[in-house]
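# Structural overview
Letter by letter, the chains look like this.
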Amino acid sequence: MRTEKKEKLVQECLIGNYGKYYRIAYSYVFQEQDAMDIVQEAAYKAILKSDSLKQPEYVDTWVCRIVMNEAVRFLAQYRGRTVAMEEVPEEGVADHIEDVDLQAALGKLDEGERAIVVLKYFEEEKLGTIARILDMNVNTVKSRLYRALEKMRKYMEAGGMEYEYVEEGV
């Protein structure tokens, strides 16, 4: 397949699946603007590297991997960053306590576990597709998904965010 056709295929995939890529990025950073920045950077890299796409039928899988890699890179770059109180929105997506607890539970997972949970339950991907995206065996995906769900269940059963505040003495 020629480079121009691959680039057009990548662009169409990006446009058609923007919401999916945004949700994946958001599941890593939990900030709307940061998630949009991650998707924008991933889109740029995907278009720039479109000639390296080996299997055009897996373009969505390939772009998902780029989005996740970009999210991990973003987190590594900005880990420990402080935010001024003026930057914290008064209200937003995480205003509902259930959303806050779910985000906190996802935050307890390592990046690999979080990626599996997000792809399975938020993006409703099949285990085989997740295995291709993450370049691992389907049985490995199953066991890591089980472990991740157990971690999240234990966290939620322990009281979620409320439990953390008690533990930290807040």
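The preceding data block contains the structure.
Every value quoted in this text rests on a predicted model; they were computed, and no experiment measured them. Along each chain, residue indices are assigned from 1 in the same order as the chain's sequence is written. Side-chain atom pairs in this predicted model are given and counted only at pLDDT of 80 or more, local residue features only at pLDDT of at least 70, and totals for whole chains, interfaces and linings cover all residues. Excluded from the side-chain calculation are hydrogens and water; included are all heavy atoms of the structure.

### Some remarks on the environment of Val10
Along the chain, Val10 falls in helix α1 (residues 3–16). Burial status follows relative accessibility: with a 1.4 Å probe on protein chains alone, a residue under 20% of its type maximum counts as buried, one over 50% as exposed, and anything between as partly exposed. Classification of Val10 by relative accessible area gives buried; the value is 0%. Considered as a pair, Val10 and Asp51 are 41 residues apart in the sequence and their alpha carbons are 9.8 Å apart. When checking whether two residues touch, look at their non-hydrogen atoms; a contact exists if any pair is within 4.5 Å. Here Val10 is in contact with Ala46, Ile47, Ser50, Leu53, Val59 and Trp62, once residues within four sequence places are set aside. What counts as a helix is a DSSP run of H or I of at least four residues, what counts as a strand is a run of E of at least two, and both are numbered from the N terminus.

### Examining unusual backbone geometry
Even without a glycine there, the phi angle at Phe30 is positive, about 55°. Considering the arrangement of structural elements, one finds Phe30 in the loop between α2 (18–29) and α3 (32–48). On the basis of relative accessibility, which here comes to 19%, the residue Phe30 falls in the buried class. A positive phi angle is found at Asp135, which is not glycine, with a value near 55°. With respect to the helices, strands and loops of the structure, Asp135 is situated in the loop between α7 (127–134) and α8 (138–157). Given a relative accessible area of 71%, Asp135 falls into the exposed group.

### Focus: the layout of surface pockets
Quantified by volume, the second largest pocket comes out at close to 280 Å³. Here a cavity denotes a set of grid points, spaced 1 Å apart and computed over the protein atoms alone, in which a 1.4 Å probe fits but from which it cannot get out, and a pocket denotes an open set meeting protein on both sides within 12 Å along at least five of seven lines; residues with an atom within 4 Å of a point are reported as lining. The wall of the second largest pocket is formed by 14 residues, among which Gln55, Tyr58, Thr61, Trp62 and Arg132 lie closest to the centre. Every element with two or more residues in the lining of the second largest pocket is listed here: α4 (59–78) and α7. The element contributing the most residues to the lining of the second largest pocket is α4, with five residues. In the scheme used here, Gly and all other residues not listed as nonpolar or charged are polar, with Ala, Val, Leu, Ile, Met, Phe, Trp, Tyr, Cys and Pro taken as nonpolar and Asp, Glu, Lys and Arg as charged. Among the residues making up the lining of the second largest pocket, the classes are represented as six nonpolar, four polar and four charged. Grid points are joined across faces, edges and corners, and a volume is the space filled by probe spheres set on the points.

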